[in-house]
Amino acid sequence: MISGGQNYVSSAPVFSNDAKRLLVCTGSTVSVFSTATGSRVSSLEGHSGPVTALVVVPDSSTLLSFCWTASVDGTIRHWDFSVPECVKIIDLHFPVFSMVVPSLLSPREENDAKTRPDVFAYVSVQNPNAEANCLSPRCGQIRKCNLTNFHAVSSLILKETERPESLTISPSGKFLGIKDKRKLHIWKVPKVDSDSAVSKKITLHHSKTITVLALHPMERIVAAGDVTGRILIWRGFGAQKFMHSGGLVNGRSTNDEEDKPGVRENDDAESCSTWHWHPSGVRLLSFSSDGAYLYSGGKEGVLVLWQLDTGKKNFLPRIGSPLLYFVDSPDPSLSSISCADNQIHILKMPSMEIIRSISGIKANICEGLCSRAAFDYTSGLVAVQTENYGIQFYSLFANRGLYEVQVCERNHQPVDEVTVVVSLVELSVDGSMMGTVEVKLPEDGVGGLVCLKFWDLDDNKRFSVSTLIYEPHRDAHISAIAFNPTRRMAVSLSYGGDFKIWVCKEEIKQKGQMLQNSGWMCHAVGSYKNKAMRAAAFSADGSVLAVAADNVITLWDPNNNVLVAVVGETLMPITSLGFAGKSYYLVSVCHGSKPQLSVWSMSRLAAFWSYKIQIEAVSFTIDFSYFAVLALLPESNEYAFKGDGIILLFNVTNPTPMASWSVTKAKGGGLAFLKGYPSEQLQSLLAYINGDREYVIFHPHSKEAFELSRIRQDDHVLEETGQFGYTSIYGELPKFDPKRNLTSSISSAASERPWETIFSGSSHMLPPLTKLCSEFLESLLEKKTPTVE
Amino acid sequence: MDKTKTISVDRRPSECVSSHSIDKITSIDWRPSPVVALATSFDGLRVAAARHDGSLEIWLVSPGSIGWHCQLTIHGNPNGKVTSLIWCPGGPHGSRLFSSHLDGSVTKWDLFHLNQETVLDSVGVSIWQMAVTFPKGDKINDEKKGDQMGNGFHDFDEHESSESDEDFDSPGPHEGSVGENPRVAIGLDNGHVGIYDISDTDEFIYEKSLPWVNGRVLSVTWSTDANYIYSGSSDGLIRCWNAALGNEIYRITAGLGGLGSGHELCIWSLLSLRSGTLVSADSSGSVQFWDSQHGTLLQTHSLHKGHVNALAAAPSHDRVFSAGSDGQVILYKLSSSQSASSDDNKSSLTKRWNYLHYVRAHTHDIRALTVAVPISHEADIKAENRFKRARRGKKSADFSYHKWAHLGVPMLISAGDDTKLFAYPVKEFTKFYPHDICPAPQRTPIQLVLNSVFNQSKMLLVQSSQWIDVHLLQLKNVCTPGDFAKTKILRRVKTKASRKIICSTISNSGALFAYSDQEKPRLYELERGKDGKIPWDVRRRMLPQRLPFAHSMIFTHDSSCMIVAGHDRMIYVVDVERSELVHTFTPCRQLDVDSSPTEPPITRLFTSSDGQWLAAVNCFGDIYVFNLETRRNQWFISRLDGASVTAGGFSPRNNNVLIVTTSSNQMYVFDVEAKRLGEWSSQTSALPRRYQEFPGEVIGLSFPPSTSSSVVVYSSRAMCLIDFGLPVESDESDMLNIQDSRAKNLQNFNLKKRTKHNRRNFEVVPLENPVLFLAYTSKNSLFMIDKPWLQVVKSLEATPVHRHIFGT
């Protein structure tokens, strides 16, 4: 089993001490990426809940690579991430949402060798009692715990908040702060920390809800961003409260409130100034390590660099996605920004240019207008529509984004209104052709445009536009595209009731070289009783085209454009259609109030069997007569199945599912058979991608869910971090290592991975499908359940 | 003024105002002139503002009040463009005001005689800026700080001399005689800086001239100990000069990043602080802070999006304000931050100038900034002010002004091309919106004649700076809300281009009108044309030859005599028909003493309708009452609580009653014949607070033609009807009523629905647009001339600041 597609931007990443590794929280694991190549090096696995906080233990020698992680599962773990292995587990019994360790940051005292003070962490936890106790809605708590000698979480509660807030610590480790609606709370970390040491707190007020805060590395300056896009900078906070006891009485008698311009409500700060550039709420704020600059970003996807003294701005525009985190590295020339589209960009610092991106699979933007992601059967790619009018090709086996093509040439600003949508993307079976449909939404009812594009793979194995057709179906949107598996032929369907068959002229040999394809031309136009057409499929040999015209399936000869037959009638319009492998069975799916999954026999031109279930996705094998469906469970069944969806594997000839898997987050999910990797068995694999674009790939026929080793085809080549010595001057010598390919070890160790989140177990453990299927099938299923493989 | 449109039915304006119909005119030509320079007197009480048309205004806050009042206006030479203003200690009145001009002359403004005298003739080179040394008194206060500074300079000078300058001596205590008189440094267009002494007789005594430098000297300033002069020029250099020896100590290239002395970089303003910091403002939008000892850059702020024209420092010298052509005023504050990196035990105090806040109140370029401490003492009005007010959702700017304007609170005044002046609290700059202290700058004087000899038609006399317009007013009988009355211009009388009209008047018959420019008064008679071609004809009437030009003129009620308040501080009574001088009054404090005029000139005149009384008011608020029949001085009323008289008039019902309003928003009723305070005034101890907090100062009053006992007073923002027959209530809910009436629109006045509310005295009705004139036309109808400020702005010469709106 391969899983992947995790969210890289759930919390801020952290650089290792030598800045060669970037640690990213990916769900319940922590992935370690190489900053030089942007590829995954290792991962820390062990937490059973999402990891929420990461603290790398700083070390001047940069050799040690220890880190602390905290997770919602209530544990804090200590790792050596170079190995990687877990060193220590502390069980807090509270879900941890944020953790900072101030004592790691403050400079080590000289009596380092003798008595190492205990390391204390400040955690933002969710109080589990609060949910039961309706009287106290404040379930977030800021508490302390001793990481060196852990007994229990300190009973001292620094602050209770409505929700668990994220903690911010100053880079010097002296202050830590949280935002609490319109207030900021800042604590001074006691010099000698203990479980009971009370830290002093000040509160700063603002008139708007604060979204983010940052503390200056050297001075007592705090910056906060609010929902309206303002950035407030309080200077000299805590002059009275924090400094007084330190024996240092300020030379100026802190006389009166009029000496504090801009500061509200007699807060303990010297002055407060306001900067306003962001048009919407500020999401990230970070001081540079020398404290001279402030980075800010927000929804508009522009990284703004403020010179703290003068307020001068510098920009890194066109990132194209809302910014979430900015992280400095120990290497002053590197830093990273995390974007909401699941990308982590590594910036080369003084010039602020993106040198590398760690691209996760882009988030689902499906909002009715977009179709599902398309899968490439042969190469194991998934093509997903992105927000910036492009298509991202994501390798499911390698778990990384390969490249993106821009369908529509226009700049995307996250704040802009959506005017263009890439509504359809379809790949041919061999992955050499792609069809996309983009829809320009009409403004004030005029100016809508539908554009169909055919793409071909070019020499770099990337898609480039071959043919562009404006308004292929006059006045209606395109509902589906289907490719002929045997020849360069495609069909596009419209809601307006017609379909067009497009053919690509064969390559013309001229002067001994291959010319470009002459392009796609309309070969034939067909319609059936002006019924809206929503789905089409070619048979495996390409001789039959099945087009769903509203409630019936029409069968055509695609070459001669002759209507061959009309099959049956369903209750609701057919929305998905497919031939099951090379068999003469056609599978149709209907949605709506009376959902239906039907199998039609082509030989008899009649319905073979059908279920009344809500199908989210369906996928067919190429060679065999299997197909798999992703069915959405009715809400009442969610508890029985530990998930909201179920994958059923059918043989067309048999209405009894061969296997079933319970899955979560099935809404918006997808399903595809993929060609197995050559080194594996020749069986095809099944890939399931859920609504959050997390995916798993597994063997559908194996009795147990075998775990596939992660296949990393070309990552090892890129692994070396930087070139040095001879190679840095003259480039790399060609390596003569014929055995290199063998090193990509195939270890099929079936370690018990926590895959309960997606699968509830093997198919034998599943409850029967009685609750799922209709009354009609109930007896049938009960009888044959033991025989299900 | 912001108006909410929420009008609740039961809170309709009470009948006394709602029963009036109002006719409006908005078409009057009103072109205020941009402010080019501001200066605060040394006591911080008075602010002088020079306008582009050559006039000068003195703004102050009357004792006991907090509203600003334009104490006096001097119409100067319209061609002498003022470039800078300085106040200088000394002289007979304690302080003197000088201005430098673009033509290279320096003039003195006589605030007592209301005239302008040239004290330094032009040498043909423009003067860009003048700077005067700090006064002695201030210097003593700063001695401690200055000492430290001076030592620093000595050290530095020695270093310098060892290097290059052989004939350079450390300045030492400079020549004793020089320090006595205030000294002025004048930055000239040709690259010189001239240093002059101002003698007690207001002469500019040439002392020396600093060596010629390339480019124009655009800004000069003195160091606080007066030993050094800093000059900024148009080639982007700031030079430090030894004031005693006249040699250059160092020069600073102000261009950002040391990018050469680009000839296009202009140092518009320099400010020397007590801490030894020099602040420069230049045309690239940068405000830079320099260590004046070494000439090294401390900090740069480039927040302005245009030229930075002006700088000002708070009295404590820990805040600096800059203003520029982008209409922003930006506050920088000196904050000493303790570096946390050095541990707590060793505190390295770093002082930085931090940007804190900006305010954009002006729509046009800001030309000048100054800081004043205007409130000399607070009357009990402040105590009343402390009353709790009901919380309202929307507070107007006025009320926030009332919150921060207290005794001893320094105010920053800014003014510029949009002709307005704004006051900001220096200390609470970030908290409050600026106060518009001049809602209707350079109001056009207007007079209305109700029943003229021409078919009883109504006529208007509108005085512009260069001409006089006579309009025929056509009021409709039935006025629908929002409809405007019409005027027809009858005649326009122009003066010579080099002169400005100071005052004008029209007789009650409408047939005679007069104006006075800076040369002499002129009298005209309006008559219907003989032939049909020119329907109206103007004939000039002769006046006695030796009549001086006037600060104020008025006709008696029967139009037989014209009274001229000359600039020679005498009042002349001229018989119009015979064009001969009938009598000359000399205003004086002691009655029945005919002596040479010693009192300040008269700026306002009022006559009673029976022709018996003449009240003359000078700009300081003294009132002289004359009996025109017996031609004797009747009474002298010393200035009322130190405040100036803003409006006044004799009641048409009782000719012995003189009603005046003062700039401290008080109203007084005098019985002139009995020479005492009137019955109403003596009975009324305190006016309601809603009147004392009247938005803007009262600029005029009008009596209804009937024998009603009421009067309407108005400011440029609001009007108020006062009935002397009604008791003066001073209830606590007053504030609510102002707020409520604020919510009402002007259109509602015409609503004929009478509410059942009691008739209220002192009801304040806010008005939408700046009002120029308001008067009764009949018993229940008012006539108002206003103009939306946006229209005024459109007519300004300068274009407003273009602001790029995000996303366009």
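Calculation criteria
Residues numbered from 1 in each chain as written. Chains lettered and ligands numbered in written order. Predicted model: local features only at pLDDT ≥ 70, side-chain atom pairs only at ≥ 80, totals over all residues. Heavy atoms only, no water. Helix = DSSP H or I, 4+ residues; strand = E, 2+ residues; numbered from the N terminus. Contact = heavy atoms within 4.5 Å. Areas by Shrake-Rupley, 256 points an atom, 1.4 Å probe, with all protein chains shown as cover. Buried < 20%, exposed > 50% of the residue type's maximum accessible area, 1.4 Å probe, protein only. Salt bridge = Lys/Arg side-chain N within 4 Å of Asp/Glu carboxyl O. Pairing = 2+ DSSP bridges. Axes fitted to C-alpha atoms, helices over the stretch in contact; angles between N-to-C directions. Phe/Tyr/Trp six-rings, centres within 6.5 Å; stacked < 30°, edge-to-face > 60°. Lys NZ or Arg CZ within 6 Å of the ring centre and 35° of its normal. Patch = residues over 30% accessible without salt bridge, like charges linked within 9 Å, V, L, I, M, F, W, Y side chains within 5 Å. Lys, Arg positive; Asp, Glu negative; His and termini not counted. Charge placed at Lys NZ, Arg CZ, Asp CG, Glu CD. Core = buried A, V, L, I, M, F, W, Y, C linked by side-chain atoms within 4.5 Å. UniProt positions renumbered as here; feature names shortened; annotations may be inferred. pLDDT = per-residue confidence, 0-100.

### Things to note about the overall build of chain A
Within chain A, the regular secondary structure consists of six helices and 58 strands. The long-range fraction of contacts in chain A, counting pairs at least 24 apart against all pairs at least 6 apart in sequence, stands at 48%. Counting every atom, chain A has about 35,100 Å² of accessible surface; 52% of that belongs to carbon and sulfur.

### Details of the overall build of chain B
When its secondary structure is counted, chain B shows nine helices and 55 strands. Counting across all 808 residues of chain B, residues that qualify as buried make up 62%. For chain B, the proportion of contacts with a sequence separation of at least 24, taken over those separated by at least 6, is 55%. For chain B, the accessible surface area stands at approximately 32,100 Å², while carbon and sulfur atoms represent 49% of it.

### Re the pattern of salt bridges
Residue and element names in this part refer to chain B. Taken as a whole and judged by the stated rule, the model has 35 salt bridges over all chains. Here aspartate 53 ties to lysine 500 by a salt bridge, and the two come within 3.2 Å at their closest N and O atoms. With a gap of 447 residues between them, aspartate 53 in the loop between β3 (46-51) and β4 (55-61) and lysine 500 in the loop between β33 (486-494) and β34 (503-506) connect regions that are remote in the sequence. Beyond isolated ion pairs, a larger network of salt bridges with shared partners links Glu525, Glu527, Arg539, Arg541 and Glu577.

### Some points on the sheet that holds strand β32 (residues 467-474) of chain B
Residues and elements named next belong to chain B. In spatial order, the strands read β30-β31-β32-β33; together these four strands make up an open sheet with antiparallel pairing. Edge positions in the open sheet fall to β30 (446-449) and β33, since each of these has one partner strand only. On average, adjacent strands in this sheet sit at an angle of 20° to one another, irrespective of strand direction. In this sheet, strand β31 (residues 458-463) lies alongside β30 in antiparallel orientation, the contact comprising four bridges. Bridge pairing links isoleucine 446 to valine 462 in β31.

### Thoughts on the pairing of β4 of chain B
All names here are of chain B. Within β4, seven of the seven residues are buried, which leaves it mostly tucked inside the rest of the structure. Here β4 shows a buried face lined by Ser55, Glu57, Trp59 and Val61 and a second buried face lined by Leu56, Ile58 and Leu60. Here β3 runs beside β4; their pairing, made up of five bridges, is antiparallel. For alanine 49, the partnering residue across the bridge sits in β4 and is glutamate 57. Here seven bridges tie β4 to strand β5 (residues 68-75), and the two strands are oriented antiparallel to one another. Residue pairing in the sheet places leucine 60 in a bridge with histidine 69 of β5.

### Quick look at the packing of aromatic side chains
On inspection of all chains with the given rule, the structure shows 38 aromatic pairs over all chains. Their ring planes at 35° and their centres at 5.1 Å tell us that tyrosine 585 of chain A and phenylalanine 608 of chain A sit as a pair that is tilted. Of this pair, tyrosine 585 of chain A sits in strand β49 (residues 585-590) while phenylalanine 608 of chain A is found in strand β51 (residues 606-611), placing the two residues 23 residues apart along the sequence. Judged by centre distance (4.8 Å) and plane angle (10°), the ring pair of phenylalanine 289 of chain B and tryptophan 353 of chain B falls under stacked. Taken as a pair, phenylalanine 289 of chain B in strand β20 (residues 287-291) and tryptophan 353 of chain B in strand β25 (residues 349-359) lie far apart in primary sequence, 64 residues in all. Using a relative accessible area of 2% as the deciding quantity, one classes tryptophan 353 of chain B as buried. Taken together through their ring pairs, the aromatic side chains of Trp609, Tyr611, Phe620, Phe627 and Phe650 of chain A make up a single cluster. The cationic tip of lysine 420 of chain B hangs over the ring face of tryptophan 789 of chain B; the distance from NZ or CZ to the ring centre is 4.5 Å. Above the face of the tryptophan 467 of chain B ring, lysine 494 of chain B is positioned so that its terminal group lies 5.9 Å from the ring centre.

### Quick word on a negative patch on the surface
Residue and element names in this part refer to chain A. Negative charge collects at one region of the surface, where Asp416, Glu417, Glu443 and Asp444 lie side by side. Mapping aspartate 416 onto the fold places it in the loop between β33 (400-406) and β34 (420-427). On the accessibility criterion, aspartate 416 (40% relative accessible area) is partly exposed.

### Things to note about unusual backbone geometry
The phi torsion of most residues other than glycine is negative, and most of the peptide bonds are trans. A cis amide bond links valine 83 of chain A to the next residue, proline 84 of chain A, at an omega of -15°. Position of proline 84 of chain A among the secondary structure elements: in the loop between β8 (75-80) and β9 (85-91). One non-glycine residue, glutamine 442 of chain B, adopts positive backbone phi at about 50°. Within the element layout of this structure, glutamine 442 of chain B appears in the loop between β29 (435-436) and β30. Backbone geometry places serine 559 of chain B, a non-glycine residue, at a positive phi of 65°. Mapped onto the elements, serine 559 of chain B comes out in the loop between β38 (550-555) and β39 (561-566). The class of serine 559 of chain B is buried, set by a relative accessible area of 10%.

### Describing the nonpolar core
Leu294 of chain A together with Val320 and Tyr332 of chain B are the most contacted members of the largest nonpolar core, which has 31 residues in total. The next biggest cluster of nonpolar side chains, apart from the first, holds 30 residues, and it includes Leu460, Leu721, Val765 and Trp789 of chain B.

### A look at the UniProt feature "repeat: WD" (unreviewed entry) in chain A
The positions UniProt marks with the feature "repeat: WD" (unreviewed entry) are residues 44-89 and 275-316 of chain A. Between the end C-alpha atoms of residues 275-316 of chain A the distance is 18 Å, and the span holds 0% helix and 55% strand.

### Some remarks on the side chain of threonine 277 of chain B
Residue and element names in this part refer to chain B. Secondary-structure assignment places threonine 277 in strand β19 (residues 277-282). Look at threonine 277 and you get buried, because its relative accessible area is 8%. Excluding residues within four positions of it along the chain, threonine 277 makes contact with Leu271, Ser272, Phe289, Trp290, Ser292, Leu298 and Trp353.

### Topic: a nonpolar patch on the surface
A cluster of nonpolar side chains, Val465, Leu468 and Tyr470 of chain A, forms an exposed patch at the surface whose accessible area comes to about 280 Å². In this structure, leucine 468 of chain A sits in strand β37 (residues 463-470).

### Observations concerning the sheet that holds strand β12 (residues 140-146) of chain A
Residue and element names in this part refer to chain A. Spatial ordering of the open sheet is given by β10-β11-β12-β13, a layout of four strands whose pairing is antiparallel. If you trace the sheet from one side to the other, it starts and ends with β10 (96-100) and β13 (157-161), each paired once. Each strand axis lies, on average, 25° off the axis of its neighbour in the sheet, ignoring direction. Direction of pairing for β12 relative to β13: antiparallel, over a ladder of four bridges. Bridge pairing in β13 places glycine 140 opposite threonine 161.

### Here we look at the environment of cysteine 408 of chain A
Residues and elements named next belong to chain A. Mapping cysteine 408 onto the fold places it in the loop between β33 and β34. Cysteine 408 gets classed as buried once you look at its relative accessible area, which sits at 7%. Between the C-alpha atoms of cysteine 408 and glutamine 126, which are 282 residues apart in sequence, the distance is 45 Å.

### What about the confidence of the model for chain B?
The pLDDT averaged across chain B works out to 76; a share of 78% of its residues lies at or above 70. The low-confidence segment residues 340-346 of chain B, where pLDDT is below 50, has 11 contacts with residues more than four positions distant or belonging to other chains.

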